[in-house]
Amino acid sequence: MKAIDLFLSPLSAAGRWLGAVLLVVLLLLPYWGSSYVMTVATTVFYLALVGQSWNLMLGFAGLLSIGHALFVGVGAYASAYLFSAIGLPPAIGVVPAVALAVLIGLLIGYLGFRFAIGGVYFALLTIAFAEFVRIVVDHVPWLGATEGFFLKVSAADRHGIDLANLRGAPEMYYYLIMALALGALVLCRYLLRSRLGYYWQAIRDDPEAAEALGINLLRYRMYAVAISSGMAGVAGVFYAFYQNSLFPEIVFNIERSIEATLGSIVGGVGTLFGPIFGTFILTPLGEFVTEGIDLLKHWRVIDPETKLDGLKLLVWSFIVVLIVLFKPTGLWPWVCHRLRLTRPGAEG
Amino acid sequence: MKSRMTSAVSRRTLLAGVGASALAASVPLRHGLAASKIKVGILLPRSGPQAQIGIDCQRGADVAPEVLGAMGYPEMEYILGDTETKVDVARAQAEKLIDAGAHVIVGAFDSGQTMAAAQVCEQKNIPLVVNIAAVTKLTELGYKWVFRNFPTGPMIVGDAFKNQKTLFAESGATPKSVALLHVNDTFGTSLSGALMALTPKFKMPYKIVEKIPYDPYGRDFSAEVRKVKAAKPEALWAVSRLNDAIAITKELVRQRVDLMGILSTGPGWYEDPYLQATGKYGDDVISLVPWVDYKKEMARRMRDAYRKKFPGRSITSNQGYTFDAVLIVADAFKRAGSTKNTDLQAALRTTDITNNTTIGEGIRFNEKGQVPHVPCGAVQNRDGKQLVVLPKFAAVAEPIWPMRPWRER
């Protein structure tokens, strides 16, 4: 109850009502949406989880990472390998997988903070590590190397619920990732209101002043990296068992890292709901554009034979540019203000 | 009057109607028995980095209904899906195509995207006929709904060696040293690694004297070509993509690196933009790749229809193998006489097509859903055209080997 109270406390009455309605709609999605809609929604929650972990580093602690795909990839490969090689269920495999992601995060963090590598240079360090691990995995035969690593699936896997082995109906994956994303939200809310969160925000806003006040920069930055990489590692475990195939070039690609940042940037870096809100705007936006084009073709506003492949990406990019230009602090604070979704003075 | 008309349909009736419509729309009549038309989901990368390849593949699919219709094959309706060159989008789009009522899916060019689509198809019991994807595991995971008429990576590499041996034996010119120049991405490192490992196994008459990786986003290849020149190989084997192939050719000419020949495995060196950009200097390059066999009637029919629909554009393996994938679907549907998934699956298992468009004896799937051997060809550029020079049974021209020096062109 305490966790729920903590989570709901920044929301106004309108915000709570809207949240409740949205929650009900999303909980009932498998009953009203097609499997395609559910796949899109699953992707949205997955990106929200990765976005939240990224936001924890930059938004809360002021550490820019553009290599978050590394932590996701390490979690994914570790859990998939343990499952495939020794039959370790992901419910248990998540522990060593996350531990490995955290360990790599701590290594990067230590190198960065110990040698005072900050800002964009720290971001470059994260990219370098992601590339390094990609190249290593590219050359490890027991991880499938460039040919990819595969988890076998069958029609039987699509039925029932086997949470321990992450095998089951698409609804299971949907509810699981929804729970994980909401769990991450609650965790971030808790952290933000904790002593740790205040330390992070102090470090983010003015590291020198924070240090002068006695905050151990190295230690608290390491905490941020560890928690963030751990969250991304959990997302990686989900990714591996949802996708069932891992290719180093895809999993560790910088594009995946940038994808993790987009939701937060559009939603609002440093805000609690920003990453999830941004992802909820961005992913369906692309799908709406596609559907809109199809509808225009159906109504013969556009010749049905016209090939408009790629237009979706153009329109999508244009809208994202508009959002970044006109709402540089993100959409969530603006929406909050307009709709009065949070209580005055409360952080969203 | 207005209110009467409104009240004629009560809210309950309207809700019931909407509910029934929604239910009907969400449950496609996929299990209909005797159907005159089959819905084929064509899943390709139509945007993103692989967009041009996706468009080429789609063109192969676009000419199929006309060609096959004239030959008595049943009608097909395409539903198009765009993977955006992303694995997760490929998965979502496969779901979308199936939701839209696709009885079978054709696609998806790229191994990762095809693997994502294969999992959806496997779980939803919808046949996936792969047009292009070389990853071996695709048909080694025990999938029951995946069918592939495309060579796996080892088949492509094995045939590349075999065709080289034939080429050297018939021309009487055998290089003793080869430099391997490859793009340093997943595709390039994987393929070049296999070539290095298998060269001794196939007892090739040459030694790979230099292995030169290069940045996939590189624009200036003067350093790499200088390395080639310094290694003094008799032939060059390239694993490239389009823009790098063009730039490397220009650099080879600029630095006057004359070789016995340039061999390529993979895309780039046979593509239309390459031929246009390099002109006479693109001639004589030999690509060791899966290709179309114009000695087959179906390939000639496809070519004729293609020239009418897309004048001035070449047919490559992209169009050929996508056409063949649609042919496989049309043939299975014709024999099954039904769009029921299990009927289509059974018909696909017993596929026996000899009149297809690509090199090889024909299309017959083994128990894994793979055509056991899909032979590759040796395709030489001549006057801006791609001509099959090997294997003999598919060849339309004799190979020029050694290639002509740059200055004599």
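Residues numbered from 1 in each chain as written. Chains lettered and ligands numbered in written order. Predicted model: local features only at pLDDT ≥ 70, side-chain atom pairs only at ≥ 80, totals over all residues.

Student: What exactly am I supposed to notice about the overall build of chain B here?
Tutor: What chain B contains, in helices and strands, is 13 helices and 12 strands. The C-alpha atoms of chain B give 24 Å as radius of gyration, which agrees with the globular expectation for 409 residues (22 Å, within 12%). When its C-alpha atoms are laid out on the principal axes, chain B stretches across 90 × 40 × 40 Å. Across the 409 residues of chain B, 52% fall into the buried class. Pairs at least 24 residues apart make up 69% of the contacts formed inside chain B by residues separated by at least 6 positions. (Helix = DSSP H or I, 4+ residues; strand = E, 2+ residues; numbered from the N terminus. Rg over C-alpha atoms; globule rule 2.2 N^0.38 Å. Buried ≥ 20, exposed ≤ 12 C-beta atoms within 10 Å, placed from the backbone. Contact = placed C-beta atoms within 7 Å.)

Student: Help me understand the packing of helix α4 (residues 35-60) of chain A against helix α13 (residues 254-267) of chain A, please; the structure alone is not making it clear to me.
Tutor: The relative placement of two packed helices is expressed as an angle between their axes plus a distance between the axes. All names here are of chain A. It is at 8 Å that the axes of α4 and α13 come closest, and there the two elements cross at 75°. As the angle between them shows, α4 and α13 are arranged roughly perpendicular. Residues L47, A48, V50, G51, W54, N55 and G59 of α4 pack against E259, A260, T261, G263 and S264 of α13. Across the contact of α4 with α13, the residue classes tally to 5 nonpolar, 6 polar and 1 charged. (Axes fitted to C-alpha atoms, helices over the stretch in contact; angles between N-to-C directions. Parallel < 35°, antiparallel > 145°, perpendicular 65-115°, else oblique. Nonpolar A, V, L, I, M, F, W, Y, C, P; charged D, E, K, R; others polar.)

Student: How do you make sense of the domain arrangement of chain B when you look at a structure like this?
Tutor: How big an interface is tends to be stated in terms of accessible area lost as the parts join. Residues and elements named next belong to chain B. Under the domain assignment, chain B is made up of domain 1 (37-151 + 295-349) and domain 2 (154-289 + 377-408). A C-alpha centroid distance of 30 Å is found between domain 1 and domain 2. Across the contact, 8 residues belong to domain 1 and 9 residues belong to domain 2. Of the residues in the side of domain 1 that touches domain 2, the class split is 2 nonpolar, 4 polar and 2 charged. (Domains from an automatic or database assignment.)

Student: How do you make sense of the confidence of the model for chain B when you look at a structure like this?
Tutor: Residue and element names in this part refer to chain B. Per-residue pLDDT for chain B has a mean of 88; in total, 91% of the residues score no lower than 70. When the criterion is pLDDT under 50, residues 1-32 qualifies, and its contacts beyond four places in sequence or with other chains add up to 9 contacts. Of the two predicted TM-score estimates for the complex, the pTM is 0.81 and the ipTM is 0.77. (pLDDT = per-residue confidence, 0-100.)

Student: What am I meant to see in the nonpolar core here?
Tutor: A general feature of soluble globular proteins is that nonpolar side chains tend to end up buried together. Ranked by size, the top nonpolar core spans 217 residues in total, and within it A:L49, B:I105, B:A117 and B:V329 carry the most contacts. Considering every element that reaches this core, the biggest residue donor is α4(A), with 14 residues. Lining this core are residues from two domains, each supplying at least three of them: domain 1 (37-151 + 295-349) and domain 2 (154-289 + 377-408) of chain B. Each residue touching B:V329, except ones within four places of it in the same chain, is listed here: B:I38, B:V40, B:V104, B:V106 and B:V129. (Core = buried A, V, L, I, M, F, W, Y, C linked by C-beta atoms within 7 Å.)

Student: Can you help me understand the interface of chain B and chain A in this one?
Tutor: Contact with chain B, which involves 30 residues of that partner, is made by 28 residues of chain A. Contributing elements (two or more residues each) for the side of chain B that touches chain A: α4 (87-99), α5 (111-124) and α7 (186-201) of chain B. Among the residues making up the side of chain B that touches chain A, the classes are represented as 7 nonpolar, 12 polar and 11 charged.

Student: Help me out: how do you make sense of helix α7 (residues 119-138) of chain A in this one?
Tutor: Residues that lie three or four places apart on an α-helix share one face, since the helix turns once every 3.6 residues. Under the 1.5 Å per step criterion, the end-to-end length of α7(A) is 29 Å for 20 residues, consistent within 8% with the ideal 28 Å. Those residues of α7(A) not exposed but buried are A:F122, A:L125, A:T126, A:F129, A:A130, A:V133, A:R134, A:V137 and A:D138. (Expected span 1.5 Å × (residues − 1).)

Student: Looking at this model, I keep getting lost on the pairing of strand β10 (residues 286-289) of chain B. Mind explaining?
Tutor: The two faces of a sheet get side chains in turn, since along a regular strand they alternate between them. Side-chain alternation along β10(B) places B:I286 and B:L288 on one buried face and B:S287 and B:V289 on a second face that is also buried. For the crossover that starts at strand β9 (residues 261-264) of chain B, traverses helix α10 (residues 272-278) of chain B and ends in the parallel β10(B), the hand is right-handed. (Right-handed = clockwise from strand over helix to strand, strands pointing away.)

Student: What should I look at first to understand the sheet that holds strand β5 (residues 146-148) of chain B in this one?
Tutor: Each strand in a sheet pairs with another by means of backbone hydrogen bonds, the pair being arranged parallel or else antiparallel. All names here are of chain B. The 5 strands are arranged β2-β1-β3-β4-β5 in an open sheet whose pairing can be described as parallel. Of all strands in the sheet, those bounded by a partner on one side alone are β2 (75-82) and β5. Along the sheet, successive strands turn relative to each other by an average axial angle of 25°, direction set aside. Sheet topology places strand β3 (residues 104-107) next to strand β4 (residues 128-130); 3 bridges connect them, and they run parallel. Considered in β4, the bridge of V106 is made with V129. (Pairing = 2+ DSSP bridges.)

Student: Can you help me understand the sheet that holds β9(B) in this one?
Tutor: Residues and elements named next belong to chain B. Across the sheet, which stays open at both edges, the 7 strands sit in the order β7-β6-β8-β9-β10-β11-β12 with mixed pairing between neighbours. Single-partner strands in this sheet number two, and they are β7 (207-214) and β12 (385-390). For this sheet the average axis-to-axis angle between neighbouring strands, irrespective of direction, equals 25°. As paired elements, β10 and strand β11 (residues 377-382) share 4 bridges and run antiparallel to each other. For I286, the partnering residue across the bridge sits in β11 and is Q380. Sheet contacts for helix α8 (residues 222-231): β6 (177-183), β7 and β8 (235-239); angle to β7, the most-contacted strand, approximately 170°.

Student: Sorry if this is basic, but what is going on with the environment of A:Y31 here?
Tutor: All names here are of chain A. The topology assignment puts Y31 in helix α3 (residues 29-32). A tally of 7 C-beta atoms within 10 Å means that Y31 is categorised as exposed. Separated by 33 residues in sequence, Y31 and L64 have C-alpha atoms that sit 40 Å apart.

Student: Would you mind showing me how to read α8(B) here?
Tutor: Residues and elements named next belong to chain B. Where α8 is concerned, the buried positions are E224, V225 and V228. Along the long axis of α8, the arc covered by the buried residues comes to 95°, so they all point the same way. Residues S222, A223 and A230 are exposed on α8 and point more than 90 degrees away from its buried face. Looking at the buried positions of α8, the neighbouring elements they touch are β6, β7, β8 and α9 (242-254). In the segment just after α8, K232 is the residue with positive phi, at about 50°. (Arc of directions from axis to C-beta.)

Student: Looking at this structure, I do not really get the pairing of β2(B). What am I missing?
Tutor: Pairing geometry for strand β1 (residues 37-44) of chain B and β2(B), over 8 bridges, is parallel. Across the sheet, B:L44 pairs through a bridge with B:D82, a residue of β2(B).

Student: Where do I start with unusual backbone geometry in this structure?
Tutor: Peptide bonds are trans in most cases, and residues, glycine excluded, mostly fall at negative phi. Residues and elements named next belong to chain B. Cis geometry is adopted by the peptide bond preceding A108, which originates at G107 and carries an omega value of 0°. Considering the arrangement of structural elements, one finds A108 in the loop between β3 and α5. The omega angle of the peptide bond from L390 to P391 is -5°, so this bond is cis rather than trans. Along the chain, P391 falls in the segment after β12. Its identity is not glycine, yet T85 carries a phi of approximately 60°, on the positive side. Within the secondary structure, T85 sits in the loop between β2 and α4. Phi is positive for R256, close to 50°, though the residue is something other than glycine. Within the secondary structure, R256 sits in the loop between α9 and β9. In this structure R256 comes out as exposed when scored by C-beta crowding, with 10 C-beta atoms within 10 Å.

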